[in-house]
Amino acid sequence: CNNIIAGAQFYNTYSNHAFWWNFSGNYVVRGYNTGDYLGALVFRKKLADSILDITVKAENRLQTADFIYSQYRSNNFVWNNHFEKMQQTGAEISFKINKYHLELIGAVNSYTNVLYFDNYAIARQYTGSLPVISASLKKDFSLWNWHLNNRLNYQKTQDSSVIRLPELILEHSLYYENDLIGKALHLQVGASVYYSTAYYADAYMPVTGEFYLQNQKKYGNYPFVDFFINAKIKTVRIFFKIDHLNSGMNGGGYILTPGYPYTGRTFKLGLSWKFYD
């Protein structure tokens, strides 16, 4: 189906010491999503002689249920629903200090009339509000030519019966970076780790192509380790990567979604060469 959408954006010109703002929004005038809207605003200011960068964001969204939630018919599932529009209201504030490679983000979102697929993969709607809070801390360390980048993400929902999230996500990367051979070669060699705490990850229904709730088993609590090499010689870029380096070392506990194990150890090689006349 087609939609006719009207939108507008207002903003000011940004400079290093100015107060920057941006207002944007759109409204669906006609079509399947008539009445849907999205409004967002962003404020940004640099303080303490431009050392501290503060950004505040707010957003409000009203959205009609996707067609698959309203109408569906197959050999396995049949439903004809009339769901209320979903609404999301959120606010986020971030503090960034580039000098110390430090960033802290906090956010609160409230979801009303959430649509989901229940334990039998049937489309449902949660008639109420579900608040979700999240916080993210990013801190990078450097010592000579060694770098250690770290990101910690925390998220919590008041009612996990509909929205399922891992409470903690950790991302780390340790790598060596330097210019070699008279600065003709820029080399980066290292490894990265991704880890999330265990939670009831959604199962997948191939018939509808959608994820649905399950309460049988928790997934997560497993580190994914990657190894990478990035090199640049003038206009040539080369990368080599081993995804899931630790595959098979901790047993078979690397399933992200029930019945669908994560890809095993994979080798990747890439080359980019820019030619000039």
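Residues numbered from 1 in each chain as written. Predicted model: local features only at pLDDT ≥ 70, side-chain atom pairs only at ≥ 80, totals over all residues. Heavy atoms only, no water.

Chemist: Explain a nonpolar patch on the surface to me, please; I cannot follow it from the model alone.
Modeler: Judged by side-chain polarity, I51, V56, I93, F95, Y100, L102, L104, L137 and L152 come together as a nonpolar surface patch covering roughly 690 Å² of accessible area. Of all the secondary structure elements, the ones that give two or more residues to the nonpolar patch are strand 7 (86-97) and strand 8 (102-117). Here L104 shows up in strand 8. Using a relative accessible area of 42% as the deciding quantity, one classes L104 as partly exposed. (Patch = residues over 30% accessible without salt bridge, like charges linked within 9 Å, V, L, I, M, F, W, Y side chains within 5 Å. Areas by Shrake-Rupley, 256 points an atom, 1.4 Å probe, with all protein chains shown as cover. Salt bridge = Lys/Arg side-chain N within 4 Å of Asp/Glu carboxyl O. Helix = DSSP H or I, 4+ residues; strand = E, 2+ residues; numbered from the N terminus. Buried < 20%, exposed > 50% of the residue type's maximum accessible area, 1.4 Å probe, protein only.)

Chemist: I'm lost on the nonpolar core in this one. Help?
Modeler: For soluble globular proteins, nonpolar side chains are generally found buried alongside one another. Counting 13 residues, the largest nonpolar core has Y69, F77, W79, F117 and Y212 as the members making the most contacts within it. The residues touching F117, leaving out its near neighbours within four places in the chain, are I68, Y69, W79, I122, A123, E210, F211, Y212 and L213. In terms of nonpolar packing, the next biggest core, distinct from the first, is built from seven residues, V114, V162, I163 and L213 among them. (Core = buried A, V, L, I, M, F, W, Y, C linked by side-chain atoms within 4.5 Å. Contact = heavy atoms within 4.5 Å.)

Chemist: Sorry, what's going on with the environment of M205 here?
Modeler: Tracing the backbone through its elements, the reader meets M205 in strand 13 (residues 203-205). When the C-alpha positions of M205 and F117 are compared, they lie 9.7 Å apart, and in sequence the two are 88 residues distant. Sequence-distant contacts of M205, defined by excluding residues within four places in its chain, comprise F77, A121, E210 and Y212.

Chemist: I tried to follow the pairing of strand 1 (residues 3-11) on my own but got confused; where do I start?
Modeler: Looking along a regular strand, one sees side chains alternate from face to face of the sheet. With zero of nine residues buried, strand 1 lies mostly on the surface of the structure. In the sheet, strand 1 pairs with strand 2 (residues 19-31) via nine bridges, with the strands oriented antiparallel. Paired with A6 across the bridge in strand 2 is Y27. (Pairing = 2+ DSSP bridges.)

Chemist: Can you help me understand the pattern of salt bridges in this one?
Modeler: Any two side chains of opposite charge can pair, given that their charged atoms come close. All told, the structure shown has eight salt bridges when counted by the stated rule. One salt bridge in this structure joins D118 and R124, with 2.9 Å as the shortest N-O distance. On the accessibility criterion, D118 (11% relative accessible area) is buried. Look at R124 and you get partly exposed, because its relative accessible area is 40%. Taking the shortest distance from any N to any O, the salt bridge between K156 and E167 comes out at 3.7 Å.

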